[in-house]
Amino acid sequence: MRRLYGHFAIRGHRWPSLMLALVALWTYASPAQSQQVSLTPIIASDHASDPPLSGAMRRIAQLEQTVFELQQRQPAGLIEDDDTICFDAPVTEHPSHYPIYDTGWTLRPYDSEKTPFELTIGLHNQFRYTGFSRDNDTSIDAAGNVRTIPNRNDFNVNRGRLVFSGYALDKDLGFYANIDYSTVASSSIQPLLTWISFRHSDTFTLYMGLGKVPGTWEWQQTSRYTLGADRTLATTFFRPSISAGMWGIGKLGDSLSYTVFVGNGLNTLTLRSADLDTNFVYSGLAWWEPLGDFGVGFSDQEYHQDLAIRIGHGLTQTRNDSTSSDQSGAEQTVVRLSDGTRLIEPNALAPGVTVNAFDVWLYTVHLGLKKQGYSLSSEVFMRWLRNIEGTGGAELDSLFDNGFYVQGGAFVIPKKLELFARGSAVTGNFGTGSEVAAGLNWHLFEKRSARLTLDVTDVRDSPAEQSRTGYVAGETGTLVRMQLWTFF
């Protein structure tokens, strides 16, 4: 028989309750239990006038809690001779959440109905070496400006992101915040994408915040899933960017998906209300996957056993107005001519004239195929610049630019090592720019979460310029990029 250590303080008429507690403990401490339990004195009630029955019920409740604690600890053999059990300890509740890794460090509720809150913290990092060997030191743009073309030989963090996501108050009320850090962007640290989402059903989810203006397929896809080191030259030239606004994402049936967006402008990420005109941007992208899920990105890293197809198109429209002083607005700086000249550069379209207002229409069509480690994807771009106005009330002719990219990949080691090639071009009233590239993707752990990429690109008369991609307007030469993308 096991021994019971403890002392009982008997005051007033408490002895019936204490005897009941002693009997219950003696019953639990059967010969099968080989461990000893030490009981500290029971603290008498501060209410001396409580009826004996009320005190007994309270003691029984305390005893039940003590027995529960013993049962939880007994199987692991955790009770020691000098353990102390406090009968007046408050009833402990189970924790509401537990940590787990799920594409990020996640705090997940045991019961999402009782405690509807989940938080995932992820870290994304794109470390890149860039080398560029120019063919010419300078180029001349459509406005007659001489541009210096630099060589490059440097390391950078092109994209680093601390991402917070999850839901709160209700499983259908989501949140997302992407804090971006970079050594090549104008702002080294800034919020990039942030939103609150309300899920109605698979058919429709509403988002409000900072988001991508959809525009094109390769732009809509995250930069983590590009086929090469970054998006193509043609996508960099034609795509819209990020704006505050509202958008909806959903599916119609099993195979048709869409996203629609209304926001402040083509690229208003860093602009304040004083920098904006009064025109919204409207953009939509829809795609069809008739043979099943196409998956993310362009590589067939999932290794589809059967053919997967994606067919889609997009339309984007906005008006860019002049400021109250008949000058170009801050929203207009991202639009370029086909030789890389900014549309609002003085003398770009006519001597002595600076563009200060215009309409943008962008239409895109895309196609993607995947099967057993092979992939092929392409997108065609058509852009109209209409109702172009210049200083002094000048009306200028409309402009049409078009372009495309085509790219393909093949895994020589399934899910791990992929070889790829791609090309893209932009053509318009001011000339043609193009690129041809080849390289490899090495998925370190047979997953997308760690990818080493090497590509070599021959660039001719680049019409695009963007610090993260590495393209410079007017450049001709050889661009080498080697990078490690990690996200966890």
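The structure we're discussing is the one just above.
Only a predicted model underlies this, so the values are computations on that prediction, with no experimental measurement involved.

What counts and how
- Positions within a chain are numbered from 1, following the residues in the order the chain's sequence is written.
- Per-residue local features of the predicted model are confined to residues with pLDDT of at least 70, and side-chain atom pairs are confined, for both listing and counting, to 80 or more; whole-chain, interface and lining totals are unaffected and use all residues.
- Excluded from the side-chain calculation are hydrogens and water; included are all heavy atoms of the structure.
- Helix and strand assignments follow DSSP, with helices taken as H or I runs no shorter than four residues and strands as E runs no shorter than two, numbered in order from the N terminus.
- Whether a residue is buried, partly exposed or exposed follows from its accessible area with a 1.4 Å probe, protein chains only, as a fraction of its type maximum: under 20%, in between, or over 50%, in that order.
- When checking whether two residues touch, look at their non-hydrogen atoms; a contact exists if any pair is within 4.5 Å.
- Only Phe, Tyr and Trp rings take part, Trp by its six-membered ring, and two of them pair if their centres are within 6.5 Å. Stacked means planes under 30 degrees apart, edge-to-face means over 60, and tilted covers everything else.
- Lysine NZ or arginine CZ positioned within 6 Å of the ring centre and within 35 degrees of the ring normal marks a charge as sitting over the ring.
- Two strands form a pair only when DSSP identifies at least two bridges running between them.
- Pairing of N or O atoms within 3.5 Å defines a polar contact, subject to two protein rules: one partner must be a possible hydrogen donor and the other a possible acceptor, and residues neighboring in sequence count only if both atoms are side-chain atoms.
- Any Lys or Arg side-chain nitrogen located within 4 Å of an Asp or Glu carboxyl oxygen qualifies as a salt bridge.

Enquirer: Which residues make up the overall build of the protein chain, and what values go with them?
Expert: A count of helices and strands for the protein chain gives four helices and 24 strands. Residues counted as buried form 47% of the 488 residues belonging to the protein chain. Expressed as a percentage of contacts within the protein chain between residues at least 6 apart in sequence, the contacts between residues at least 24 apart total 63%.

Enquirer: Please give an account of the packing of aromatic side chains that cites residues and values.
Expert: Taken as a whole, this structure holds 18 aromatic pairs when the rule is applied. Between the aromatic rings of Y225 and F487, the centroid separation amounts to 6.0 Å while the plane-to-plane angle is 70°, which identifies the pairing as edge-to-face. One end of the pair, Y225, is in the loop between α3 (217-220) and α4 (233-238); the other, F487, is in strand β24 (residues 477-487), with 262 residues separating them in the sequence. Taking the relative accessible area as the measure of exposure, Y225 reaches 13% and is therefore buried. Pairing W485 with F487 gives two aromatic rings, centres 6.3 Å apart and planes at 80°, and the pair type is edge-to-face. One aromatic cluster is present, built from ring pairs that chain together Y176, W195, Y207, W247 and F261. Residue placement shows R224 over the ring face of F487; its charged tip is 4.7 Å from the ring centre.

Enquirer: Describe the pairing of strand β18 (residues 374-390), naming the residues involved and giving the relevant values.
Expert: Side chains on a regular strand alternate between the two faces of the sheet. Direction of pairing for strand β17 (residues 355-371) relative to β18: antiparallel, over a ladder of 15 bridges. Within β18, the position partnered with Y363 by the bridge is M382. Joining the antiparallel neighbours β17 and β18 is a turn of two residues, in which Q372 adopts a positive phi near 45°. Across 12 bridges, β18 lies against strand β20 (residues 399-413) in antiparallel orientation. Counterpart to E379 in the pairing with β20 is Y405. Hairpin connection of β18 to strand β19 (residues 395-396): four residues between the antiparallel strands, including G392 at a positive phi of 75°.

Enquirer: Can you explain the environment of S283? Please cite residues and give values.
Expert: Positionally, S283 belongs in strand β15 (residues 281-288). Given a relative accessible area of 5%, S283 falls into the buried group. In this structure, the C-alpha to C-alpha distance between S283 and F261, residues 22 residues apart in sequence, is 5.1 Å. Non-local contacts of S283, meaning those with residues more than four positions away in its chain, are made with V213, P214, G215, T259, V260, F261, L315 and T316. Within the structure, S283 has its side chain in polar contact with the side chain of T316 (distance 2.8 Å).

Enquirer: Explain the pattern of salt bridges to me, and be specific about the residues and the numbers.
Expert: Within this structure, the stated rule accounts for 19 salt bridges. One salt bridge in this structure joins D230 and R128, with 2.8 Å as the shortest N-O distance. In this pair, D230 is assigned in the loop between α3 and α4 and R128 in strand β6 (residues 117-134), connecting sequence segments 102 residues apart. Summarising the burial analysis for this pair, D230 and R128 share the class buried.

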